[in-house]
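Working through the structure, step by step
One letter stands for each residue in the lines below.
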Amino acid sequence: MKDTIIKILGQFPQNNRGSLIPLLQKVQNLEGYISSDAIHAISTHLRVSRSTIYGVSSFYSQFRFNPPGRNSIKICLGTACHVQGGDFLLNALSLEIGIKPGETTEDKRFDLERVACLGCCALAPVMMINNNIHSRMSVIKLREILNRYA
Amino acid sequence: MEQTKVIVGLGSCGIAAGAKKVYNKIKALKETKDLGFELKKTSCIGMCYREPLVEVVDDSGSYLYGDIDEEKAIEIIEKHINQHDPVREYIIHSDMFETEDDEYLKDQVKIVLRNCGYIDPENIEEYEARNGYRAIKKIAGQRISRMDIIQIILSSGIRGRGGGGFPTGLKWKFAYDSKADDKYIICNADEGDPGAFMDRSVLEGDPHSVLEGMIIGAYAIEANGGVIYCRAEYPLAIKRLTIAIEQARAKGYLGKNILGIDGFNFDIYIKEGAGAFVCGEETALIASVEGERGMPRKRPPFPASSGLWKKPTNINNVETFANIPWIIMNGAEAYAKYGTEKSKGTKVFALAGKIKRSGLVEVPMGISIRDVIFKLGGGIRGNKKFKAVQMGGPSGGCIPEYLADTIVDYDSVNATGAIMGSGGMVVMDEDTCMVDIAKFFLDFTQKESCGKCTFCRIGTKRMLEILTRITEGKGEMSDIEKLEELAYEIKDNSLCGLGQTAPNPVLTTIKYFRDEYEAHIRDKKCPAKVCKSLLTYEVDPEKCTGCTVCARNCPADAIDGEKKEVHFIRQEDCIKCGMCYTKCKFDAIKLS
């Protein structure tokens with residue numbers, strides 16, 4: 001088992017069901033995703049079955065089970081972004097980097113996800129790369145912005 | 001003489017629009033030139049359409065500059081700070097003279113947003129300086145009893161601002177009446193409705209007002225544990241809440257024997273959501289905090305008697321909590337002065353979509369939707385025709401133009417088939433297709449359905465399939481009746497609010513825009529020219545000058561043509577993004 005996971009487990013009391021989601025979040029923050037090794041370790045630590053952990057983590061859209069890219073793109077498809085052409089942007093972005101939502105590029109440079117709303121509706125359409133929000137997006141601005149993320 | 005202040009708005013919207021660069025530029029100028037002004041941060045003042053915003057407060061008054069970039073910032077520092085000569089053309093609001101943007105602010109009554117954009121949210125002293133934590137001190141100092149507090153909240157008439165509209169005072173009374181050693185108070189900050197961002201703005205701009213509201217609530221119902229369930233998509237809100245909680249602990253507003261009230265022990269921790277819309281429903285939220293899948297359960301028992309860890313629990317929304325300290329300080333009557341008979345106080349609306357001035361407005365209940373959109377919001381962008389406004393997110397509906405004189409209160413909005421919801425108003429113009437909007441929301445609810453109730457899980461999927469085929473020109477006239485039938489079954493047979501309201505966007509669009517459904521089905525046409533399957537983009541050979549702009553901008557490389565020759569769109573590669581249509585200067589792209 002990886003040292004990072006052992007370290008994270010140490011911060012959470014054993015057998016405490018309530019810390020399952022925060023624990024998963026912490027693992028994903030540091031590791032980038034939830035590996036089957038991590039699920040195994042959490043299961044032993046919290047005394048919760050692996051199937052339950054997988055059941056809980058797959059319920060929430062935040063958790064991923066494969067390694068992410070170096071840069072995570074979240075494209076907003078909330079109502080305001082939708083009426084301002086958010087899905088055109090998603091189409092163009094998909095074409096540009098060659099992946100669909102939920103996937104990671106082969107060179108691991110980008111992964112792509114769709115999110116329901118980033119709460120920046122007044123500046124729609126928006127997308128978030130890592131923790132930076134790019135506002136008033138258009139297909140034209142796309143290439144230049146992607147170039148900033150290696 | 002007070003020192004001149006330069007205040008930069010650093011909310012999520014502001015930062016997204018480039019406010020951090022502006023802040024850093026001003027900071028660099030101040031340091032390199034050793035300028036004598038105070039540089040401060042604040043959060044969103046609600047004028048998102050003018051971000052980034054910089055305010056200068058000097059001896060003569062206050063001046064709010066809008067649409068600021070680094071160059072404009074240099075000019076403002078040079079002229080306004082160094083030469084005391086405000087740069088009039090960038091000023092969007094001032095207490096010295098009138099501006100066009102005053103209309104946005106004039107009719108607003110700021111109770112919830114009283115501090116947003118005025119204080120540094122990371123500095124507890126600035127909150128305290130604006131009457132902050134005075135309400136809880138008043139309770140401690142005057143020994144106001146728990147029942148009296150609940151009575152004040154009841155008399156104020158405030159109803160749950162998360163969308164439910166249940167009287168807050170009543171909720172508190174139920175939780176107070178349930179006796180137990182441990183009780184919890186939860187702040188629902190899982191703002192999931194796409195198109196609503198007032199909770200984010202309050203958490204980023206004035207987190208202490210929410211904490212104080214929770215502390216008052218905890219005292220009133222005798223809770224000892226507090227949880228803020230906040231969306232993970234709001235990293236800045238979480239950061240500022242974390243800072244605020246630490247500061248409140250250090251000052252003794254959280255902890256043991258708070259403000260010397262013997263036995264009043266209360267603390268708050270943040271629980272990050274993990275991306276599930278259904279967790280905005282209170283029983284699903286509780287399940288999520290307990291580490292389970294966020295699935296709602298049957299009520300009763302209500303959380304007030306058996307909630308988090310089976311203890312009495314009271315859940316209110318961010319905006320509701322932010323109102324509480326103001327009500328305690330100013331009294332129930334002052335609050336109830338605003339609003340209509342059954343909906344008291346103010347409501348924050350998030351204006352977005354095809355509106356000129358988008359952002360947050362706080363208005364008294366009872367104002368008409370038309371006034372919000374046209375007086376405050378300045379009307380429709382690009383002088384297009386106003387078609388409808390979507391209220392209440394995926395649980396709400398579309399209110400057509402001819403009902404725009406409907407006033408905003410819970411009951412009047414419900415009567416249209418929409419709901420007040422959390423207060424998102426997404427404005428739609430003639431270029432918005434109402435069938436597409438209905439499909440958009442069904443796609444959302446279908447994905448977010450937790451799967452517990454058959455009608456919600458499968459019914460929304462079937463509705464989405466029908467809507468999809470209508471937008472692809474494969475619908476039949478009987479589909480409209482099928483949609484309505486399914487809609488009522490889903491509403492009647494779902495356990496929680498998600499399923500009970502999921503069909504609303506479809507029902508309201510059928511009710512008010514049936515002709516658009518019929519055009520898609522009968523004529524195979526999308527009147528608003530949105531539904532891709534029903535559109536083709538073609539080059540008009542008469543008008544095309546061969547300027548190559550379309551080909552260069554086409555993200556799918558689907559346009560062929562040599563310079564100065566007529567271009568051609570390869571239909572099989574066209575993704576129908578509309579880029580060529582918007583870019584062509586010669587009106588040579590035909591849409592049919």
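Comments concerning the overall build of chain B
Regarding its fold elements, chain B presents 23 helices and 18 strands. For chain B, the C-alpha radius of gyration of 26 Å lies close to 25 Å, the compact-globule estimate for 592 residues. Dimensions along the principal axes, computed over C-alpha positions, put chain B at roughly 85 × 70 × 40 Å. The proportion of buried residues among the 592 residues of chain B is 61%. Taking the contacts inside chain B whose residues are at least 6 apart along the sequence as the reference set, 69% of them involve residues at least 24 apart. By element, 48% of the accessible surface of chain B is carried by carbon and sulfur atoms, the whole surface being about 23100 Å². Of the charged side chains in chain B, 81 are positive and 87 negative, and the gap between their average positions amounts to 3 Å.

Considerations on the interface of chain B and chain A
Listed by partner, the interface residues are 62 residues for chain B and 40 residues for chain A. Buried area between chain B and chain A, summed over both chains or domains, comes out near 3900 Å², and the portion from carbon and sulfur atoms is 60%. Three residues, Ala274, Arg293 and Phe440 of chain B, lead the burial of chain B against chain A; their summed loss comes to 14% of the area buried on that side. Joining chain B to chain A, the criterion identifies two salt bridges. Taking the shortest distance from any N to any O, the salt bridge between arginine 17 of chain A and glutamate 292 of chain B comes out at 3.0 Å. Our count for the contact surface shared by chain B and chain A stands at 17 residue pairs in polar contact (both at pLDDT 80 or more). At the level of elements, helix 1 (12-17), strand 8 (267-272), helix 12 (282-289), strand 10 (346-353), strand 14 (424-429), helix 17 (434-448) and helix 23 (579-583) of chain B are the ones that each hand at least two residues to the side of chain B that touches chain A. Ranked by residues supplied to the side of chain B that touches chain A, first place goes to helix 17 of chain B with seven residues.

Some words on the domain arrangement of chain A
Taken domain by domain, chain A comprises domain 1 (2-59) and domain 2 (71-146). Here domain 1 of chain A and domain 2 of chain A have C-alpha centroids that lie 29 Å from each other.

Points about the sheet that holds strand 2 (residues 110-115) of chain A
All names here are of chain A. Ordered by their spatial adjacency, four strands build an open sheet running 2-1-3-4, and the pairing between neighbours is mixed. What marks the edges here is a single partner per strand, and that holds for strand 2 and strand 4 (132-134). Put simply, the sheet's adjacent strands are angled 25° from each other on average, direction ignored. Taken together, the three bridges between strand 1 (residues 71-76) and strand 3 (residues 127-129) define a ladder with antiparallel strand orientation. Residue pairing for strand 3: isoleucine 75 is matched across the bridge by methionine 127. Sitting on the sheet, helix 6 (residues 86-97) is in contact with strand 1, strand 2 and strand 3, with an inclination near 155° to strand 1.

Details of the packing of helix 10 (residues 207-221) of chain B against helix 11 (residues 235-250) of chain B
Residue and element names in this part refer to chain B. Close contact between helix 10 and helix 11 brings their axes to 9 Å; oriented N to C, the two are set at 55°. Looking at the two axes, helix 10 sits oblique to helix 11. Here helix 10 runs over helix 11; the crossing is right-handed. Residues Pro207, His208 and Leu211 of helix 10 lie in contact with helix 11, whose contacting residues are Arg240, Leu241, Ala244, Ile245, Gln247 and Ala248. Residue composition of the contact of helix 10 with helix 11, grouped by class: six nonpolar, two polar and one charged.

Considering the pattern of salt bridges
Two side chains carrying opposite charge are able to pair once their charged atoms lie near each other. Residue and element names in this part refer to chain B. For the coordinates displayed, the defined rule picks out 44 salt bridges over all chains. A salt bridge links arginine 570 to aspartate 573, with the nearest nitrogen and oxygen atoms 2.8 Å apart. Aspartate 573 sits in the partly exposed class, given a relative accessible area of 33%. One network of salt bridges, with partners in common, ties together Glu481, Glu484, Arg514 and Glu518.

Conventions and cut-offs
Residues numbered from 1 in each chain as written. Chains lettered and ligands numbered in written order. Predicted model: local features only at pLDDT ≥ 70, side-chain atom pairs only at ≥ 80, totals over all residues. Heavy atoms only, no water. Helix = DSSP H or I, 4+ residues; strand = E, 2+ residues; numbered from the N terminus. Rg over C-alpha atoms; globule rule 2.2 N^0.38 Å. Buried < 20%, exposed > 50% of the residue type's maximum accessible area, 1.4 Å probe, protein only. Contact = heavy atoms within 4.5 Å. Areas by Shrake-Rupley, 256 points an atom, 1.4 Å probe, with all protein chains shown as cover. Lys, Arg positive; Asp, Glu negative; His and termini not counted. Charge placed at Lys NZ, Arg CZ, Asp CG, Glu CD. Buried area = accessible area lost by both parts, 1.4 Å probe. Salt bridge = Lys/Arg side-chain N within 4 Å of Asp/Glu carboxyl O. Polar contact = N/O pair within 3.5 Å; in protein donor to acceptor, adjacent residues only side chain to side chain. Domains from an automatic or database assignment. Pairing = 2+ DSSP bridges. Axes fitted to C-alpha atoms, helices over the stretch in contact; angles between N-to-C directions. Parallel < 35°, antiparallel > 145°, perpendicular 65-115°, else oblique. Left-handed = near helix turned anticlockwise from the far one by under 90°. Nonpolar A, V, L, I, M, F, W, Y, C, P; charged D, E, K, R; others polar.

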